[in-house]
Amino acid sequence: MTIESNVTVDNNIWQLLQKWWRKKIVPVLANLKFAIALLLMIAVLSISGTVIEQGETPGFYQANYPEHPALFGFLTWKVIQVVGLDHVYRTWWYLALLVVFGISLITCTFTTQLPMLKSAQKWKFYDNPKFFQKLALSAEIENQNLDNLTETLRNKKYLVFSDGDKIYARKGIIGKIGPIVVHVGMILTLLGGVWGAMTGFIAQEMVPSGDTFQVRNILDAGPWASGQIPKDWSVKVNRFWIEYTPAGSIDQFYSDLSVVDNSSQKELDRQTIYVNKPLKYQGVYYYQTDWSISGVKIQLNNSPIFKLPMAQLGQGAQNRIWGTWIPTKPDLSEGVSLLAKDLQGTLLVYDTKGQLVSSVRAGNSVEVNGVTLKILELIGGTGLQIKADPGIPLVYLGFGLLMLGVMMSYFSHSQIWAVSKDGKLYLGGRTNRAQVVFEREMIEMIEQLNIIIDVPVKAV
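Residues numbered from 1 in each chain as written. Predicted model: local features only at pLDDT ≥ 70, side-chain atom pairs only at ≥ 80, totals over all residues. Heavy atoms only, no water.

(A) Spatial organisation of the overall build of the chain. Broken down by element type, the chain carries ten helices and 22 strands. For the chain, the C-alpha radius of gyration of 36 Å lies well beyond 23 Å, the compact-globule estimate for 460 residues. In terms of overall dimensions, the chain has C-alpha extents of about 120 × 75 × 55 Å along its principal axes. Across the 460 residues in the chain, those meeting the buried criterion constitute 41%. Counting contacts in the chain only where the partners sit at least 6 residues apart, residues at least 24 apart contribute 59% of the total. Counting only carbon and sulfur atoms, one obtains 58% of the accessible surface of the chain, whose full area is about 26100 Å². Distance between charge centres in the chain, computed from 42 positive and 37 negative side chains, equals 6 Å. (Helix = DSSP H or I, 4+ residues; strand = E, 2+ residues; numbered from the N terminus. Rg over C-alpha atoms; globule rule 2.2 N^0.38 Å. Buried < 20%, exposed > 50% of the residue type's maximum accessible area, 1.4 Å probe, protein only. Contact = heavy atoms within 4.5 Å. Areas by Shrake-Rupley, 256 points an atom, 1.4 Å probe, with all protein chains shown as cover. Lys, Arg positive; Asp, Glu negative; His and termini not counted. Charge placed at Lys NZ, Arg CZ, Asp CG, Glu CD.)

(B) Summary view of the sheet that holds strand β9 (residues 267–274). What the four strands build is an open sheet, ordered β5-β7-β8-β9; its pairing is antiparallel. Only two strands of the sheet have a single neighbouring strand rather than two, namely β5 (212–213) and β9. Where β5 meets strand β7 (residues 233–244), two bridges bridge the pair, whose relative direction is antiparallel. Bridge pairing links Phe213 to Val235 in β7. (Pairing = 2+ DSSP bridges.)

(C) Spotlight on the packing of helix α2 (residues 32–51) against helix α5 (residues 92–121). At a minimum axis distance of 10 Å, the contact between α2 and α5 shows a crossing angle of 150°. Here α2 is positioned roughly antiparallel relative to α5, judged by the angle of their axes. Along this stretch, α2 crosses α5, giving a crossing that reads as left-handed. Contacts from Phe34, Ala35, Leu38, Leu39, Met41, Ile42, Leu45 and Ser46 in α2 reach Trp93, Tyr94, Leu97, Leu98, Val100, Phe101 and Ser104 in α5. Its residues assigned to classes, the contact of α2 with α5 comprises 13 nonpolar, two polar and no charged. (Axes fitted to C-alpha atoms, helices over the stretch in contact; angles between N-to-C directions. Parallel < 35°, antiparallel > 145°, perpendicular 65-115°, else oblique. Left-handed = near helix turned anticlockwise from the far one by under 90°. Nonpolar A, V, L, I, M, F, W, Y, C, P; charged D, E, K, R; others polar.)

(D) Structural view of the nonpolar core. One finds Trp291, Ile293, Val296, Ile326, Leu373, Ile375 and Leu378 to be the most contacted residues of the largest nonpolar core, which totals 25 residues. Of all elements in the fold, only β7, β11 (284–300), β14 (322–327), β15 (335–340), β16 (346–350), β18 (365–368) and β19 (371–388) reach the threshold of two or more residues within this core. For this core, the element with the most residues is β11, which contributes five residues. Non-local contacts of Leu378, meaning those with residues more than four positions away in its chain, are made with Ile293, Gly295, Val296, Met310, Ala340, Asp342, Leu343, Gly345 and Leu347. Ile80, Leu98, Phe101 and Ala197 belong to the second-largest nonpolar core, a separate cluster that totals 24 residues. (Core = buried A, V, L, I, M, F, W, Y, C linked by side-chain atoms within 4.5 Å.)

(E) Spatial organisation of the confidence of the model for the chain. Chain-level statistics for the chain give a pLDDT mean of 85 and a share of 93% at 70 or above. In the predicted structure, residues 451–460 sits below a pLDDT of 50 and forms 28 contacts with residues beyond four places in sequence or in another chain. (pLDDT = per-residue confidence, 0-100.)

(F) Representation of the pattern of salt bridges in the model. Evaluated as defined, the whole model comprises eleven salt bridges. Between Arg320 and Asp290 there is a salt bridge, with its nearest N and O atoms 3.2 Å apart. With Arg320 in the loop between β13 (311–312) and β14 and Asp290 in strand β11, this pair connects stretches of sequence that are 30 residues apart. Overlapping salt bridges, with partners in common, bring together Asp256, Glu267 and Arg270 in one network. (Salt bridge = Lys/Arg side-chain N within 4 Å of Asp/Glu carboxyl O.)

(G) How the structure looks around the sheet that holds β14. One open sheet holds the five strands; their spatial order is β13-β14-β15-β16-β17, and the pairing between them is antiparallel. Sheet topology places β13 and β17 (356–361) at the edges, where each strand pairs with a single neighbour. Bridging between β16 and β17 involves five bridges; their strand directions are antiparallel. Considered in β17, the bridge of Leu348 is made with Ser359.

(H) Up close: the layout of surface pockets. One number sums up the size of the largest pocket: a volume of about 1200 Å³. Lining the largest pocket we find 47 residues, and of these Tyr89, Arg90, Ile202, Lys387 and Asp389 sit closest to its centre. Mapped by element, the contributors of at least two residues to the lining of the largest pocket are α2, α5, α8 (174–199), β4 (201–208), β6 (218–221), β11, β19 and α9 (392–409). In terms of residue count, α8 provides more of the lining of the largest pocket than any other element does, seven residues in total. A class-by-class count of the residues in the lining of the largest pocket yields 25 nonpolar, 14 polar and eight charged. (1 Å grid on protein atoms, 1.4 Å probe; cavity = no way out; pocket = protein on both sides within 12 Å on 5 of 7 lines; lining within 4 Å. Points joined across faces, edges and corners; volume = space filled by probe spheres on them.)

This is the structure we're talking about:
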């Protein structure tokens, strides 16, 4: 087979594929019912990602979604992890649905919306009186010329085109642009979601007051997220503190954070964050989400000051308690346990038998096992959730265009034709929405022309 024959066969195959795409695939992608079905699927999956906790450890799902009894008879921790319901928004099938929905919107825009806009921008004159009888609203007017009608139409903000004894007028072309803007907004929103899922990450850190840290404990990240994780700078927790209500409950907790350059140790930024007020630096957000007691500073008699870590013993918002063990003899043969439940400063001291010895506040001393134990300071730890989502600007832009497009779509696209023939002025028009308002406008124009209507105004 010659080279020319091979090229001819390849061209024929390519033409067949193009024809198959145009005839079979494009109509499906541009179909409104198909787009609505995709949107409903995305909505249901998004709801599942909201109801089922995202990015938790395997132990969390094993504890909360056991196999016996399975939630709803089928939802277990194995199903959640195999299907990917623990990270719905980053699964291949969720992203694939977003891509297909975006392609559907693009296809509909180019095959339906843009041709409709192009058609609406064209004008066509009619000189056959029978045409006006087919319009939703029409009239025959005696003793009127086109000049009076042209002036009336322009006063009604119509764009008027004339050709001899024929007129075409329109207004509200923005209503035809609105659906296109809506589609563009939805496409940008989808692009932002996909880009954020591929390049963003979520991490969580518990950092003692005074420590400097880099992001290490990453819970969830996209395949291209490495460029977003901070490497050239770190964050220092200058101070963490809690404000309490008079009743003793937590009112708000704060973290004083500094962004520090890793090479020069220069402070690049400093902010105090609290719940719903994060630190933002180079697209990375640090949210205040949790707290802990990380340690305690003590002194035994006149010894050097020790900083001992405190471990969390209880779980849950109502049972959180932290404790540590303090040796009171150099050979570690005796000691006391120190327990605290908040940063207000009251600690409980227990002996080796589990008996309560005393209570003490930070800054005070207590006698235990023949030594003076002084509590200098309780050290708080801040719980931070760190997020980066580069797709957020696109999502915001998409939502903005979506709202703008919806408002634009409320404008009615109204068209009016007129022709002067055989001593009569034939007038007719139609609109794509607000039919009653358009009818009133037509009647008002006719009344302003001060005419006698031989054929009554009719609405079809």
